[in-house]
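Coordinates in review
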There are 2 protein chains.
Amino acid sequence: MSSASATLDGVFHALADPTRRSMIKQLAKGASTIGELGEPFDMTKPAITKHVKVLESTGLLTREVDGRVHRVEIDPRPLDAAQRWVEEVREFWEGRLDDLAGYLDGLQKKGKGKGKRRG
Amino acid sequence: MSSASATLDGVFHALADPTRRSMIKQLAKGASTIGELGEPFDMTKPAITKHVKVLESTGLLTREVDGRVHRVEIDPRPLDAAQRWVEEVREFWEGRLDDLAGYLDGLQKKGKGKGKRRG
DNA sequence: CCCATAGTTTACCAATAGGTAAACTATACC
DNA sequence: GGTATAGTTTACCTATTGGTAAACTATGGG
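Residues numbered from 1 in each chain as written. Chains lettered and ligands numbered in written order. Predicted model: local features only at pLDDT ≥ 70, side-chain atom pairs only at ≥ 80, totals over all residues. Heavy atoms only, no water.

A rotation about some axis, followed by a shift along it, carries one copy of the chain onto the other. Turning chain A through 180 degrees and shifting it by 0.0 Å along the axis lays it on chain B, with an RMSD of 0.0 Å. Each copy turns onto its partner about a two-fold axis. Considering only C-alpha atoms, the residue of chain A closest to the rotation axis is Phe12 of chain A, which sits at 2.6 Å. Comparing interface residues between copies, 100% of those in chain A also sit at the interface in chain B, which points to an isologous, same-surface contact. (Least-squares fit on C-alpha atoms with pLDDT ≥ 70 in both. Contact = heavy atoms within 4.5 Å.)

Next up, the structure:
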């Protein structure tokens, strides 16, 4: 299952760059060519090529070559992995709060402390 | 509002490293010291210090110095920004599908094609 | 054929990232 | 005071990242 970790590495890394995030948002609204995708950015074509490759390599973007034009569109599935990871953290976090509530509740009901003392 | 983008840069970058993701999960279950936090990793102490600093600088982690021990705990709020960003992308994506459905619906009702021909 | 257009590849650069070893700071404890 | 423990800082190394300019590939159209 180390590929799941590799996917998360790739997705989070892809999203860590503002140019790529902007591209993703643009593509979420609709497919476009490489030229259209790169036009909003004050950046040379090789830079755009690189950003697109990063997104493509994580599966966030698919490419369809149509003549000399490359048409790209978003594939939101890798975002699921990222979102699930964050939600899992949140569940741990909320579980921890539940445990604390249960612990405090137990203290009150039994008038006895069995868990680790804190502080 | 460029600080929102800076926050996202930081959070996504922080989450792009498996060691830091593992630390976050560990901390989501409960607070710990730097030593406990770093113990699962086959890594020297300066490396742990660096990872903790990255998490701290994005606000994902808070530190409380208690004698010679540094007690750290998670602050999940920066995760909200990341999660909202992903959900916004999803909304754009679903809106796009709605538009497509509306477009196709319009085609059927009017029996008329006004959009770009494809293929 | 000739030229414009769309995009990639290659080679290069400076900055950042992730790691280490060694030295240092600061607290705890006998 | 002396020593172990917790953690940071400094200096260094290598790999990766984000960007560029220049050359290249490939398609479209007069």
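The discussion continues.
Take the sheet that holds strand E1 (residues 32–33) of chain A next. Residue and element names in this part refer to chain A. Here we have three strands laid out as an open sheet, ordered E1-E3-E2, and antiparallel in their pairing. In this open sheet, the two edge strands, each paired with only one partner strand, are E1 and strand E2 (61–66). Pairing analysis gives six bridges linking E2 to strand E3 (residues 69–74), with the strands arranged antiparallel. Along E3, the bridge assignment pairs Thr62 with Glu73. Sitting on the sheet, helix H2 (residues 18–29) is in contact with E1, E2 and E3, with an inclination near 90 degrees to E3. (Pairing = 2+ DSSP bridges. Helix = DSSP H or I, 4+ residues; strand = E, 2+ residues; numbered from the N terminus. Axes fitted to C-alpha atoms, helices over the stretch in contact; angles between N-to-C directions.)

What follows concerns the confidence of the model for chain A. Predicted confidence across chain A gives a mean pLDDT of 86, with 79% of residues reaching 70 or more. In the model, residues 111–119 of chain A has pLDDT below 50 throughout and makes six contacts with residues more than four positions away in sequence or in other chains. (pLDDT = per-residue confidence, 0-100.)

Time to look at the pairing of E3 of chain A. Residues and elements named next belong to chain A. As defined by bridge partners, E1 adjoins E3 across two bridges and the pair is classed as antiparallel. Looking at E3, one finds that Thr33 is bridged to Arg71. Two successive antiparallel strands, E2 and E3, enclose a turn made up of two residues, where Gly67 displays a positive phi of approximately 70 degrees.

Residue and element names in this part refer to chain B. For helix H2 (residues 18–29), spanning twelve residues, the distance from its first C-alpha to its last is 17 Å, which sits close to the expected 16 Å at 1.5 Å a residue. Of the positions making up H2, those classed as buried are Thr19, Arg20, Arg21, Met23, Ile24, Leu27 and Ala28. Where H2 begins, one side-chain oxygen reaches toward the backbone nitrogen of Thr19, 2.9 Å away; that side chain belongs to Asp17. (Expected span 1.5 Å × (residues − 1). Buried < 20%, exposed > 50% of the residue type's maximum accessible area, 1.4 Å probe, protein only. Polar contact = N/O pair within 3.5 Å; in protein donor to acceptor, adjacent residues only side chain to side chain.)

The next point concerns the pattern of salt bridges. Opposite charge on two side chains makes pairing possible when the charged atoms of those side chains draw close. Inspection of every chain in the model, using the stated rule, returns ten salt bridges over all chains. Of the charged contacts in the structure, one is a salt bridge between Lys25 of chain A and Glu88 of chain B, with a shortest N-O distance of 3.1 Å. Placement of the pair is Lys25 of chain A in helix H2 and Glu88 of chain B in helix H5 (residues 77–110), with the two residues belonging to separate chains. In this structure Glu88 of chain B comes out as partly exposed when scored by relative accessible area, which is 32%. With a closest N to O distance of 2.7 Å, Asp75 of chain B and Arg77 of chain B form a salt bridge. Classification of Asp75 of chain B as buried rests on a relative accessible area of 12%. (Salt bridge = Lys/Arg side-chain N within 4 Å of Asp/Glu carboxyl O.)

It is worth spelling out the interface of chain A and chain B at this point. Contacts between the two partners involve 30 residues from chain A and, on the opposite side, 30 residues from chain B. Surface buried jointly by chain A and chain B totals about 3,000 Å² across both partners, of which 65% is contributed by carbon and sulfur atoms. Contact with chain B buries surface across chain A, with Arg21, Lys25 and Trp85 of chain A losing the most and accounting together for 20% of the total. The interface formed by chain A and chain B holds six salt bridges in total. Across the pair Arg21 of chain B and Asp9 of chain A runs a salt bridge whose closest N-O atoms are separated by 2.7 Å. The tally of links from chain A across to chain B stands at twelve residue pairs in polar contact (both at pLDDT 80 or more). Broken down by secondary-structure element, the contributors of at least two residues to the side of chain A that touches chain B are helix H1 (2–15), H2 and helix H5 (77–110) of chain A. In terms of residues, the side of chain A that touches chain B owes the most to one element, H5 of chain A, which gives twelve residues. (Buried area = accessible area lost by both parts, 1.4 Å probe.)

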